[in-house]
Amino acid sequence: MTEAASSIRIAPEVLATIVNLTTMSVPGIVAMADVPRGGLLSRRPQPDATRGVQVAVRDMGVHADVYVVVAQGVNMVTVGNEVQRRVTQAVHEMLGMVVRTVNVYIQGVE
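Residues numbered from 1 in each chain as written. Predicted model: local features only at pLDDT ≥ 70, side-chain atom pairs only at ≥ 80, totals over all residues. Heavy atoms only, no water.

**Regarding the pairing of strand β5 (residues 61-70)**
Okay, step 1: Among the ten residues that make up β5, ten are buried, leaving the element largely enclosed by the rest of the structure.
Okay, step 2: Of the two faces of β5, the one lined by G61, H63, D65, Y67 and V69 and the one lined by V62, A64, V66, V68 and V70 are each fully buried.
Okay, step 3: Relative to β5, strand β1 (residues 29-32) is paired through three bridges, and the arrangement is antiparallel. Residue M32 lies in a different strand from β5, and its bridge partner there is V68.
Okay, step 4: Where strand β4 (residues 53-58) folds back onto β5 in an antiparallel hairpin, the turn is made up of two residues, including D59, whose phi is positive at roughly 55°.
Okay, step 5: As paired elements, β5 and strand β6 (residues 99-109) share nine bridges and run parallel to each other. The partner of V66 across the bridge, within β6, is V104. (Buried < 20%, exposed > 50% of the residue type's maximum accessible area, 1.4 Å probe, protein only. Helix = DSSP H or I, 4+ residues; strand = E, 2+ residues; numbered from the N terminus. Pairing = 2+ DSSP bridges.)

Given below as structure tokens:
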């Protein structure tokens with residue numbers, strides 16, 4: 001009996017949605033911010049499920065840029081570190097993918 005060659009492909013939108021939902025679950029995150037495009041905000045808004053996230057898969061791993069708005073009075077470094085930790089864990093647990101970078105950009109305070 002021979003095995004057929006098979007593959008599983010994850011759409012970039014699915015990966016971005018996982019990153020978005022995980023980020024929003026971190027205490028101190030108020031909202032996802034718009035992703036800057038070429039120095040200007042995108043004229044075409046992202047869907048809510050992927051808003052504030054850019055992801056790429058290269059070098060055998062995931063690279064994520066996350067744009068957030070944090071709550072007033074929180075320790076921004078602590079919140080950013082927690083976003084990095086949780087996103088790395090969620091992507092690895094749900095998809096089995098290695099996360100190389102999670103860059104957190106704090107775009108505002110509310």
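**Remarks on the packing of helix α1 (residues 12-24) against helix α2 (residues 76-95)**
Okay, step 1: Between α1 and α2, whose axes approach to 9 Å, the crossing angle comes to 135°. By the angle between their axes, α1 is oblique relative to α2. The element α1 and its partner α2 pack so that their crossing is right-handed. Where α1 approaches α2, its residues L15, I18, V19, T22 and T23 are matched on the opposing element by V83, R86, V87, A90, V91, M94 and L95.
Okay, step 2: Across the contact of α1 with α2, the residue classes break down as nine nonpolar, two polar and one charged. (Axes fitted to C-alpha atoms, helices over the stretch in contact; angles between N-to-C directions. Parallel < 35°, antiparallel > 145°, perpendicular 65-115°, else oblique. Left-handed = near helix turned anticlockwise from the far one by under 90°. Contact = heavy atoms within 4.5 Å. Nonpolar A, V, L, I, M, F, W, Y, C, P; charged D, E, K, R; others polar.)

**Description of the nonpolar core**
Okay, step 1: In terms of nonpolar packing, the biggest core is built from 19 residues, with V19, I29, V66, V68, V83, V87 and V91 touching the most fellow members.
Okay, step 2: Mapped by element, the contributors of at least two residues to this core are α1, β1, β5, α2 and β6.
Okay, step 3: Top element by residues in this core is α2. It accounts for five residues.
Okay, step 4: Among all residues touching I29, those that are not within four sequence positions of it are T23, M24, V68, V69, V70, V79 and V83. (Core = buried A, V, L, I, M, F, W, Y, C linked by side-chain atoms within 4.5 Å.)

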